[in-house]
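Below are the chains, spelled out letter by letter.
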Amino acid sequence: MSHYAVVAPPLYSHWQALQALAQALIDRGHQVTFIHQAEAGALLNDPRIAFQPVGEDSHPPGSLARTLRLAASPAGMSLFALIKDMSRATDMLCRELPRVLKQLRVDGLIVDQMEAAGGLVAEGMALPFVSVACALPVNREPGIPLPVMSFGYGTDQRAQKLFRTSQRIYDWMMRSHGRVIARHAERFGLAPRTGLHECLSPLAQISQTVPALDFPRHALPAHFYQVGPLRPTTTERRFWPLLSSRPFVFASLGTLQGHRFRLFKTIARACRRLHVQLLIAHCGGLTPGQEAELEACGAYWVTDFADQLSVLQQAQAVITHGGLNTVADAVSSSTPILAVPVAFDQPGVASRVVWNGLGRRVSRFASSKTMAKQLAALLQDKGCHSRMKEAQRQLSQAGGAQRAADIVEQALGSRSERIKATG
């Protein structure tokens with residue numbers, strides 16, 4: 001069987017998705033090793049998955065915690081500091097991966113679209129690799145705004161100009177990362193490139209989206225596969241005991257944004273205005289005192305973690321930061337979405353939610369009154385559930401982690417197969 005290496009930015013949601021893919025491959029007899037700085041190993045919780053630490057000198061203990069702090073509040077100078085951290089990680093991996101991949105004797109790589117190093121090194125070493133979009137795909141296409149942009153879909157000249165201008169601004173902001181990509185592409189003898197979208201696999205590209213979670217696409221490569229969420233085959237389901245027949249709303253801002261106490265207070269006050277039951281899951285970002293204050297503001301329950309799939313099956317609406325995983329889970333359970341985007345691809349996800357009629361969007365700076373108005377309209381929108389049926393059908397037929405494992409096996413093969421094929 002084969003040995004695959006996984007290269008991805010050390011973000012919880014990304015590693016959980018790729019871990020589900022790794023588990024599917026391991027169940028088929030393959031070996032999988034994640035490679036990154038030492039602290040990232042804590043993001044894995046399946047002992048069958050190997051982990052290879054690298055970058056001990058450039059990324060000592062404490063460096064990942066700093067990066068995650070920057071990612072939790074990506075605004076102003078923190079955003080540029082985060083981009084520099086991203087650049088340093090790509091540079092470190094480009095320097096470390098060739099040696100480690102030879103040592104591990106891997107047959108191919110599974111590379112997160114958000115980490116350029118995996119594709120650069122694989123191409124430089126003539127190793128096959130598959131790209132995985134754990135967030136919105138970075139594949140660029142005329143007429144489609146970048147994932148990090150909040151724009152809606154548009155085909156008129158004004159929209160096209162807006163998309164092009166925003167793309168130039170984004171590339172300027174990412175220029176330090178682009179220089180790292182360009183330098184290592186030249187070092188590996190590859191064609192010039194400066195962006196993540198230029199480091200994708202020519203063999204297979206896997207996305208957690210389906211068409212109903214994106215804008216209309218017309219220029220994706222033939223080897224682009226939309227498989228839906230990468231999840232374990234079986235998950236434990238725990239249902240939340242409801243106290244009355246009032247509408248039940250679930251609120252979560254994900255693992256990186258769970259510390260946003262003021263935003264949670266606005267959500268709690270908005271739900272109190274509507275007399276709905278609210279469950280807040282802050283993913284460990286709040287203190288017990290803050291939990292108590294949120295309950296005083298209108299939340300029925302406040303907890304660190306809740307089984308998201310089970311809760312969404314009970315909820316009449318979900319208030320979310322617009323993370324792709326939460327949105328996909330909401331669609332799979334036919335739970336209308338009120339998106340409150342904060343950063344990264346969340347504005348893009350929120351725009352796609354609205355475009356596809358899967359929910360509504362409200363600013364994170366909105367008042368509780370405005371948020372309550374949007375939530376009330378969402379709860380009363382009978383058409384939202386019917387519009388979700390097609391998205392649900394696409395998700396149920398997409399294949400998930402098992403189909404992604406099929407694609408990886410077909411695209412990467414094994415070392416012995418490649419040797420046989422080349423004589």
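Residues numbered from 1 in each chain as written. Predicted model: local features only at pLDDT ≥ 70, side-chain atom pairs only at ≥ 80, totals over all residues. Heavy atoms only, no water.

J.: Help me understand the overall build of the protein, please; the structure alone is not making it clear to me.
T.: The helix and strand tally for the protein stands at 15 helices and 13 strands. For a compact globule of 423 residues, the expected C-alpha radius of gyration is about 22 Å, and the protein comes in at 21 Å, within 12% of that figure. When its C-alpha atoms are laid out on the principal axes, the protein stretches across 70 × 50 × 40 Å. Burial analysis of the protein (423 residues in total) assigns 57% to the buried set. Look at the contacts in the protein between residues 6 or more apart in sequence, and 67% of them connect residues 24 or more apart. (Helix = DSSP H or I, 4+ residues; strand = E, 2+ residues; numbered from the N terminus. Rg over C-alpha atoms; globule rule 2.2 N^0.38 Å. Buried < 20%, exposed > 50% of the residue type's maximum accessible area, 1.4 Å probe, protein only. Contact = heavy atoms within 4.5 Å.)

J.: Help me understand a positive patch on the surface in this model?
T.: Positive charge collects at one region of the surface, where Arg269, Arg272, Arg273, Lys369 and Lys373 lie side by side. Broken down by secondary-structure element, the contributors of at least two residues to the positive patch are α7 (261–274) and α12 (368–379). Ranked by residue count, the leading element in the positive patch is α7, at three residues. With respect to the element layout, Arg272 can be found in helix α7. (Patch = residues over 30% accessible without salt bridge, like charges linked within 9 Å, V, L, I, M, F, W, Y side chains within 5 Å. Areas by Shrake-Rupley, 256 points an atom, 1.4 Å probe, with all protein chains shown as cover. Salt bridge = Lys/Arg side-chain N within 4 Å of Asp/Glu carboxyl O. Lys, Arg positive; Asp, Glu negative; His and termini not counted. Charge placed at Lys NZ, Arg CZ, Asp CG, Glu CD.)

J.: Hey, could you run me through the packing of α7 against helix α8 (residues 288–297) in this one?
T.: For any two helices packed against each other, one specifies the inter-axial angle together with the distance between the axes. Two numbers describe how α7 lies on α8: the axes approach to 8 Å, and their chain directions differ by 25°. Considered as vectors, α7 and α8 are oriented roughly parallel to each other. In terms of crossing hand, the pair formed by α7 and α8 is right-handed. Every residue of α8 that contacts α7 at Phe261, Phe264, Lys265, Ala268, Arg269 and Arg272 is listed here: Gln290, Glu293, Leu294, Ala296 and Cys297. Considering only residue class, the contact of α7 with α8 consists of six nonpolar, one polar and four charged. (Axes fitted to C-alpha atoms, helices over the stretch in contact; angles between N-to-C directions. Parallel < 35°, antiparallel > 145°, perpendicular 65-115°, else oblique. Left-handed = near helix turned anticlockwise from the far one by under 90°. Nonpolar A, V, L, I, M, F, W, Y, C, P; charged D, E, K, R; others polar.)

J.: Help me understand the packing of aromatic side chains, please; the structure alone is not making it clear to me.
T.: To describe a pair of aromatic rings, you give the distance between the ring centres and the angle between the ring planes. Throughout the structure, instances matching the rule amount to nine aromatic pairs. An angle of 45° between the planes, with centres 4.9 Å apart, marks the rings of Trp15 and Phe34 as tilted. Of this pair, Trp15 sits in helix α1 (residues 12–27) while Phe34 sits in strand β2 (residues 31–36); the two residues are 19 residues apart in sequence, bridging distant segments of the chain. Here the aromatic residues Trp15, Phe34 and Phe51 are joined through ring pairs into a cluster of three or more. (Phe/Tyr/Trp six-rings, centres within 6.5 Å; stacked < 30°, edge-to-face > 60°.)

J.: Is there a simple way to explain the pairing of β2 in this structure?
T.: Within a regular beta strand, the side chains point alternately toward one face of the sheet and then the other, so they alternate between its two faces. With five of its six residues buried, β2 lies for the most part within the structure. Bridge count between strand β1 (residues 3–7) and β2: four bridges; the pairing is parallel. What sits directly across from Ala5, in β2, is Thr33. The β-α-β motif built from β1, the intervening α1 and the parallel element β2 has right-handed crossover chirality. By the bridge criterion, four bridges tie β2 to strand β3 (residues 50–53) in an arrangement that is parallel. Looking across to β3, one finds that Phe34 is bridged to Phe51. (Pairing = 2+ DSSP bridges. Right-handed = clockwise from strand over helix to strand, strands pointing away.)

J.: I keep staring at the sheet that holds strand β13 (residues 359–361) and nothing clicks. Help me out?
T.: Think of a sheet as strands paired side by side through backbone hydrogen bonds, with each pair either parallel or antiparallel. Strands sit in the order β10-β9-β8-β11-β12-β13 across an open sheet of six strands; the sheet is parallel. Edge positions in the sheet fall to β10 (301–303) and β13, since each has one partner strand and no second. Neighbouring strand axes in the sheet, compared pairwise and without regard to direction, differ in orientation by 15° on average. Both strand β11 (residues 317–320) and strand β12 (residues 337–339) contribute to a ladder of three bridges, which runs parallel. Paired with Val318 across the two strands is Ile337, which belongs to β12. Contacts from α7 reach β8 (248–252), β9 (277–281) and β11 within the one sheet, and its direction differs from that of β9 by about 165°.

Without other data, these values stay purely geometric and don't point to any function.
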